[in-house]
Amino acid sequence: MIMRIARLIICVVVLLLGLTAPSLAAPRHHHAPVAHTAATPAPVNAAPAATPPVPVPLPALAPLPAGTATADVVRTALILALMALLPAILICMTSFVRIVVVLSMIRHALGMPETPPNAVLVSLAVFLTAFSMAPTFEAVNTQALQPFLDGKLSVQQAVDQGSGPARTFMLKQVRDQDIKAIYDIARTPLPARAADVSLMKLIPAFMLNELRVAFRIGFVVLLPFLLIDLVVSSILLSLGMLMVPPSTLSLPLKVLMFVLIDGWSLVLQGVLGSFH
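Model, not experiment: these values are computed from the prediction.

K.L.:
Help me get a handle on the overall build of the protein chain, residues and values and all.
P.N.:
When its secondary structure is counted, the protein chain shows ten helices and zero strands. In the protein chain, the order of α-helices and β-strands from amino to carboxyl end is α-α-α-α-α-α-α-α-α-α. Pairs at least 24 apart in sequence give 69% of the contacts found in the protein chain among residues at least 6 apart.

Rendered as C-alpha coordinates:
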(Lines give C-alpha, C1' and ligand atoms only; values in the text may rest on other atoms or scores of the structure.)
Protein backbone atom coordinates (compact mmCIF):
# COMPACT_ATOMS: atom_id res chain seq x y z
CA MET A 1 0.00 0.00 0.00
CA ILE A 2 2.78 2.40 0.86
CA MET A 3 4.53 1.52 -2.39
CA ARG A 4 1.45 2.35 -4.45
CA ILE A 5 1.06 5.70 -2.69
CA ALA A 6 4.72 6.48 -3.34
CA ARG A 7 4.41 5.59 -7.03
CA LEU A 8 1.28 7.76 -7.29
CA ILE A 9 3.11 10.70 -5.74
CA ILE A 10 6.07 10.27 -8.12
CA CYS A 11 3.73 10.15 -11.16
CA VAL A 12 1.99 13.35 -10.03
CA VAL A 13 5.32 15.11 -9.53
CA VAL A 14 6.56 14.03 -12.95
CA LEU A 15 3.33 15.22 -14.56
CA LEU A 16 3.56 18.59 -12.89
CA LEU A 17 7.18 18.97 -13.93
CA GLY A 18 6.27 18.17 -17.56
CA LEU A 19 3.55 20.82 -17.58
CA THR A 20 5.76 23.54 -16.10
CA ALA A 21 8.91 22.82 -18.19
CA PRO A 22 7.89 24.79 -21.37
CA SER A 23 7.18 27.91 -19.38
CA LEU A 24 10.52 27.66 -17.61
CA ALA A 25 12.45 27.13 -20.87
CA ALA A 26 10.81 30.10 -22.71
CA PRO A 27 13.32 32.90 -23.49
CA ARG A 28 13.05 36.08 -21.64
CA HIS A 29 13.22 39.35 -23.66
CA HIS A 30 14.98 42.15 -21.92
CA HIS A 31 14.98 45.65 -23.39
CA ALA A 32 18.37 47.28 -23.18
CA PRO A 33 18.12 50.65 -21.61
CA VAL A 34 18.78 53.57 -23.93
CA ALA A 35 21.67 55.61 -22.76
CA HIS A 36 21.13 59.34 -23.12
CA THR A 37 24.53 60.93 -23.31
CA ALA A 38 24.95 64.60 -23.57
CA ALA A 39 27.61 66.10 -25.85
CA THR A 40 30.66 67.00 -23.85
CA PRO A 41 31.70 70.56 -24.51
CA ALA A 42 35.21 71.11 -25.93
CA PRO A 43 37.73 72.50 -23.49
CA VAL A 44 38.14 76.24 -23.70
CA ASN A 45 41.99 76.25 -23.61
CA ALA A 46 42.53 73.43 -26.23
CA ALA A 47 45.71 73.70 -28.30
CA PRO A 48 45.24 74.33 -32.07
CA ALA A 49 45.83 71.40 -34.46
CA ALA A 50 49.41 71.06 -35.76
CA THR A 51 49.81 71.98 -39.44
CA PRO A 52 51.63 69.37 -41.65
CA PRO A 53 55.21 70.29 -42.67
CA VAL A 54 55.58 71.67 -46.16
CA PRO A 55 58.00 69.46 -48.24
CA VAL A 56 61.06 71.28 -49.49
CA PRO A 57 61.64 70.55 -53.22
CA LEU A 58 65.05 69.07 -54.06
CA PRO A 59 67.21 70.97 -56.50
CA ALA A 60 66.84 69.62 -60.03
CA LEU A 61 69.93 67.98 -61.54
CA ALA A 62 71.26 69.54 -64.67
CA PRO A 63 70.74 67.18 -67.65
CA LEU A 64 73.82 65.86 -69.41
CA PRO A 65 74.56 67.22 -72.85
CA ALA A 66 72.97 65.18 -75.62
CA GLY A 67 76.28 64.66 -77.39
CA THR A 68 77.97 63.20 -74.30
CA ALA A 69 75.12 60.75 -73.60
CA THR A 70 75.07 59.61 -77.23
CA ALA A 71 78.85 59.11 -77.29
CA ASP A 72 78.72 56.99 -74.13
CA VAL A 73 75.95 54.80 -75.55
CA VAL A 74 77.79 54.32 -78.84
CA ARG A 75 81.04 53.51 -77.02
CA THR A 76 79.30 50.89 -74.85
CA ALA A 77 77.55 49.30 -77.85
CA LEU A 78 80.81 49.09 -79.79
CA ILE A 79 82.61 47.48 -76.85
CA LEU A 80 79.90 44.81 -76.59
CA ALA A 81 80.06 44.20 -80.35
CA LEU A 82 83.84 43.82 -80.21
CA MET A 83 83.49 41.33 -77.35
CA ALA A 84 81.06 39.29 -79.50
CA LEU A 85 83.51 39.37 -82.43
CA LEU A 86 86.52 38.55 -80.28
CA PRO A 87 86.55 34.79 -81.10
CA ALA A 88 86.49 35.50 -84.84
CA ILE A 89 89.28 38.06 -84.47
CA LEU A 90 91.31 35.59 -82.42
CA ILE A 91 90.97 32.90 -85.08
CA CYS A 92 91.48 35.04 -88.19
CA MET A 93 94.13 37.58 -87.21
CA THR A 94 96.39 35.71 -84.78
CA SER A 95 98.60 32.64 -84.66
CA PHE A 96 95.75 30.49 -83.30
CA VAL A 97 95.05 28.72 -86.61
CA ARG A 98 98.58 27.40 -87.07
CA ILE A 99 98.94 26.23 -83.47
CA VAL A 100 95.60 24.44 -83.16
CA VAL A 101 95.95 22.67 -86.53
CA VAL A 102 99.41 21.34 -85.64
CA LEU A 103 98.20 20.10 -82.24
CA SER A 104 95.24 18.35 -83.87
CA MET A 105 97.51 16.65 -86.40
CA ILE A 106 99.72 15.35 -83.59
CA ARG A 107 96.69 13.77 -81.98
CA HIS A 108 95.73 12.02 -85.20
CA ALA A 109 99.33 10.93 -85.84
CA LEU A 110 99.37 9.15 -82.50
CA GLY A 111 96.20 7.30 -83.45
CA MET A 112 94.09 8.77 -80.61
CA PRO A 113 91.43 11.02 -82.19
CA GLU A 114 89.92 11.96 -78.83
CA THR A 115 93.04 12.18 -76.66
CA PRO A 116 93.95 14.83 -75.58
CA PRO A 117 90.38 16.24 -75.52
CA ASN A 118 89.39 19.22 -77.61
CA ALA A 119 89.10 21.45 -74.56
CA VAL A 120 92.72 20.74 -73.62
CA LEU A 121 94.08 21.42 -77.12
CA VAL A 122 92.04 24.61 -77.58
CA SER A 123 93.06 25.93 -74.16
CA LEU A 124 96.73 25.21 -74.89
CA ALA A 125 96.40 26.90 -78.28
CA VAL A 126 94.79 29.97 -76.72
CA PHE A 127 97.58 30.43 -74.16
CA LEU A 128 100.29 29.84 -76.76
CA THR A 129 98.58 32.39 -79.00
CA ALA A 130 98.57 34.93 -76.19
CA PHE A 131 102.25 34.19 -75.56
CA SER A 132 103.27 34.58 -79.20
CA MET A 133 101.06 37.63 -79.79
CA ALA A 134 101.95 39.46 -76.57
CA PRO A 135 103.89 42.33 -78.28
CA THR A 136 101.05 42.85 -80.78
CA PHE A 137 98.37 42.83 -78.07
CA GLU A 138 100.38 45.28 -76.00
CA ALA A 139 100.69 47.64 -78.95
CA VAL A 140 96.95 47.45 -79.67
CA ASN A 141 96.13 48.12 -76.02
CA THR A 142 98.50 51.09 -75.80
CA GLN A 143 97.70 52.72 -79.13
CA ALA A 144 93.96 52.06 -79.51
CA LEU A 145 92.09 50.42 -76.64
CA GLN A 146 93.11 52.57 -73.68
CA PRO A 147 92.77 55.91 -75.54
CA PHE A 148 89.35 54.82 -76.82
CA LEU A 149 88.15 53.88 -73.33
CA ASP A 150 89.41 57.23 -72.01
CA GLY A 151 87.47 59.06 -74.72
CA LYS A 152 90.54 60.44 -76.46
CA LEU A 153 89.88 58.65 -79.76
CA SER A 154 86.80 58.31 -81.87
CA VAL A 155 85.56 55.00 -83.17
CA GLN A 156 87.20 55.33 -86.57
CA GLN A 157 90.48 56.48 -85.07
CA ALA A 158 90.50 53.58 -82.61
CA VAL A 159 89.90 51.07 -85.41
CA ASP A 160 92.68 52.56 -87.52
CA GLN A 161 95.13 52.65 -84.62
CA GLY A 162 94.26 49.11 -83.50
CA SER A 163 94.52 47.54 -86.93
CA GLY A 164 98.06 48.85 -87.42
CA PRO A 165 99.92 46.35 -85.17
CA ALA A 166 97.74 43.48 -86.37
CA ARG A 167 98.41 44.42 -90.00
CA THR A 168 102.15 44.53 -89.31
CA PHE A 169 102.08 41.06 -87.76
CA MET A 170 100.10 39.54 -90.64
CA LEU A 171 102.28 41.14 -93.30
CA LYS A 172 105.36 39.57 -91.67
CA GLN A 173 103.84 36.08 -91.96
CA VAL A 174 102.04 36.15 -95.29
CA ARG A 175 103.63 35.52 -98.67
CA ASP A 176 103.22 37.65 -101.76
CA GLN A 177 101.77 34.64 -103.60
CA ASP A 178 98.93 34.38 -101.06
CA ILE A 179 98.05 38.07 -101.38
CA LYS A 180 98.16 37.80 -105.17
CA ALA A 181 95.89 34.75 -105.08
CA ILE A 182 93.27 36.62 -103.03
CA TYR A 183 93.41 39.65 -105.34
CA ASP A 184 93.08 37.37 -108.36
CA ILE A 185 89.99 35.77 -106.82
CA ALA A 186 88.54 39.24 -106.16
CA ARG A 187 89.52 40.31 -109.71
CA THR A 188 91.07 43.55 -108.50
CA PRO A 189 94.52 44.95 -109.33
CA LEU A 190 97.33 44.18 -106.92
CA PRO A 191 98.50 47.29 -104.99
CA ALA A 192 102.04 48.52 -105.48
CA ARG A 193 102.90 48.66 -101.76
CA ALA A 194 102.24 46.27 -98.90
CA ALA A 195 100.82 49.12 -96.80
CA ASP A 196 98.05 49.58 -99.38
CA VAL A 197 96.76 46.02 -99.04
CA SER A 198 93.14 46.02 -97.91
CA LEU A 199 92.50 44.48 -94.52
CA MET A 200 89.57 42.47 -95.91
CA LYS A 201 91.96 40.82 -98.40
CA LEU A 202 94.90 40.55 -96.04
CA ILE A 203 93.00 38.43 -93.50
CA PRO A 204 92.09 35.54 -95.89
CA ALA A 205 95.61 35.63 -97.36
CA PHE A 206 97.02 35.37 -93.85
CA MET A 207 94.74 32.39 -93.06
CA LEU A 208 95.83 30.62 -96.27
CA ASN A 209 99.46 31.06 -95.24
CA GLU A 210 98.74 29.75 -91.73
CA LEU A 211 97.06 26.62 -93.09
CA ARG A 212 99.94 26.02 -95.50
CA VAL A 213 102.58 26.30 -92.77
CA ALA A 214 100.53 24.18 -90.34
CA PHE A 215 100.17 21.36 -92.88
CA ARG A 216 103.88 21.51 -93.66
CA ILE A 217 104.75 21.15 -89.98
CA GLY A 218 102.15 18.40 -89.63
CA PHE A 219 103.71 16.47 -92.51
CA VAL A 220 107.09 16.51 -90.78
CA VAL A 221 105.46 15.35 -87.53
CA LEU A 222 103.55 12.52 -89.24
CA LEU A 223 106.60 10.90 -90.87
CA PRO A 224 108.08 9.19 -87.76
CA PHE A 225 104.68 7.82 -86.75
CA LEU A 226 104.08 6.56 -90.29
CA LEU A 227 107.43 4.77 -90.15
CA ILE A 228 106.44 3.01 -86.92
CA ASP A 229 103.14 1.90 -88.47
CA LEU A 230 104.94 0.47 -91.52
CA VAL A 231 107.46 -1.44 -89.39
CA VAL A 232 104.77 -2.93 -87.15
CA SER A 233 102.63 -3.91 -90.16
CA SER A 234 105.62 -5.59 -91.86
CA ILE A 235 106.46 -7.58 -88.73
CA LEU A 236 102.90 -8.76 -88.27
CA LEU A 237 102.68 -9.72 -91.95
CA SER A 238 105.92 -11.70 -91.79
CA LEU A 239 104.70 -13.55 -88.70
CA GLY A 240 101.41 -14.37 -90.35
CA MET A 241 99.39 -12.50 -87.75
CA LEU A 242 96.98 -11.04 -90.27
CA MET A 243 94.07 -10.81 -87.83
CA VAL A 244 95.93 -8.55 -85.40
CA PRO A 245 95.31 -4.83 -86.12
CA PRO A 246 98.64 -2.99 -86.52
CA SER A 247 97.35 -0.06 -84.46
CA THR A 248 97.07 -2.34 -81.42
CA LEU A 249 100.86 -2.71 -81.27
CA SER A 250 101.94 0.54 -82.89
CA LEU A 251 100.00 2.83 -80.52
CA PRO A 252 102.05 2.00 -77.38
CA LEU A 253 105.27 2.25 -79.39
CA LYS A 254 104.33 5.68 -80.79
CA VAL A 255 103.34 6.99 -77.37
CA LEU A 256 106.59 5.66 -75.86
CA MET A 257 108.70 7.23 -78.60
CA PHE A 258 106.86 10.56 -78.31
CA VAL A 259 107.41 10.66 -74.56
CA LEU A 260 111.08 9.66 -74.75
CA ILE A 261 111.99 12.39 -77.22
CA ASP A 262 109.88 14.98 -75.30
CA GLY A 263 107.72 15.46 -78.36
CA TRP A 264 105.36 18.13 -77.01
CA SER A 265 108.21 20.50 -76.21
CA LEU A 266 109.87 19.93 -79.58
CA VAL A 267 106.65 20.51 -81.50
CA LEU A 268 105.72 23.66 -79.55
CA GLN A 269 109.20 25.08 -79.99
CA GLY A 270 109.03 24.42 -83.69
CA VAL A 271 105.56 25.98 -84.06
CA LEU A 272 106.35 29.11 -82.05
CA GLY A 273 109.72 29.43 -83.78
CA SER A 274 108.06 29.48 -87.19
CA PHE A 275 106.55 32.94 -86.57
CA HIS A 276 108.53 35.89 -87.84
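K.L.:
Any details on the nonpolar core? Residues and values, ideally.
P.N.:
In terms of nonpolar packing, the biggest core is built from 38 residues, with I99, V102, I106, M170, I179 and V271 touching the most fellow members. Of all elements in the fold, only α3 (96-110), α4 (118-132), α6 (155-173), α7 (176-186), α8 (199-238) and α10 (263-273) reach the threshold of two or more residues within this core. Of the residues forming this core, the biggest block, eleven residues, is contributed by α3. Excluding its chain neighbours within four sequence positions, the residues that come into contact with I99 are A125, L128, T129, V271, L272 and F275.

K.L.:
How would you explain the packing of α7 against α8 if you had to name every residue and give the values?
P.N.:
Relative placement of two packed helices is described by the angle separating their axes and the distance separating the axes. It is at 8 Å that the axes of α7 and α8 come closest, and there the two elements cross at 130°. Classified by the interaxial angle, the pair formed by α7 and α8 is oblique. Relative to α8, α7 is oriented so that their crossing is right-handed. For the pair α7 and α8, the contacting residues are D178, I179, I182, Y183 and A186 in the first and K201, L202, P204, A205, L208, N209 and R212 in the second.

K.L.:
An account of α10 is requested, with residue identities and associated values reported.
P.N.:
Among the residues making up α10, those that are buried are G263, V267, L268 and V271. Viewed end-on, α10 has its buried residues packed into an arc of 120°, placing them on one side of the element. With respect to the buried face of α10, the exposed residues turned more than 90 degrees away are Q269 and G273. Buried residues belonging to α10 abut α3, α4, α8 and α9 (246-260).

K.L.:
So what about the environment of F127? Which residues, and what values?
P.N.:
The residue F127 is located in helix α4 in this model. Note: C-alpha distance between F127 and F96 (31 residues apart in sequence) is 9.3 Å.

K.L.:
Residues and numbers for a nonpolar patch on the surface, please.
P.N.:
Where nonpolar side chains cluster on the molecular surface, the patch consists of F219, V220, L223, L226 and L230 and spans about 500 Å² of accessible area. Of note, L223 is situated in helix α8.

K.L.:
Explain the confidence of the model for the protein chain residue by residue, including any values.
P.N.:
The pLDDT averaged across the protein chain works out to 75; a share of 74% of its residues lies at or above 70. When mean pLDDT is taken per element in the protein chain, α3 scores highest with 89 and helix α1 (residues 2-25) scores lowest with 49. A low-confidence stretch, residues 58-62 (pLDDT under 50), is modelled with zero contacts involving residues beyond four sequence positions or located in other chains.

K.L.:
Any details on the side chain of R98? Residues and values, ideally.
P.N.:
In this fold, R98 is placed in helix α3. When its relative accessible area of 1% is taken as the criterion, R98 is described as buried. A polar atom in the side chain of R98 sits 2.8 Å from the side chain of S274. Discounting chain neighbours no more than four positions away, the residues touching R98 are Q173, N209, E210, V213, A214, V271, S274 and F275.

The rules behind these values
- Residues numbered from 1 in each chain as written.
- Predicted model: local features only at pLDDT ≥ 70, side-chain atom pairs only at ≥ 80, totals over all residues.
- Heavy atoms only, no water.
- Helix = DSSP H or I, 4+ residues; strand = E, 2+ residues; numbered from the N terminus.
- Contact = heavy atoms within 4.5 Å.
- Core = buried A, V, L, I, M, F, W, Y, C linked by side-chain atoms within 4.5 Å.
- Buried < 20%, exposed > 50% of the residue type's maximum accessible area, 1.4 Å probe, protein only.
- Axes fitted to C-alpha atoms, helices over the stretch in contact; angles between N-to-C directions.
- Parallel < 35°, antiparallel > 145°, perpendicular 65-115°, else oblique.
- Left-handed = near helix turned anticlockwise from the far one by under 90°.
- Arc of directions from axis to C-beta.
- Patch = residues over 30% accessible without salt bridge, like charges linked within 9 Å, V, L, I, M, F, W, Y side chains within 5 Å.
- Areas by Shrake-Rupley, 256 points an atom, 1.4 Å probe, with all protein chains shown as cover.
- Salt bridge = Lys/Arg side-chain N within 4 Å of Asp/Glu carboxyl O.
- pLDDT = per-residue confidence, 0-100.
- Polar contact = N/O pair within 3.5 Å; in protein donor to acceptor, adjacent residues only side chain to side chain.

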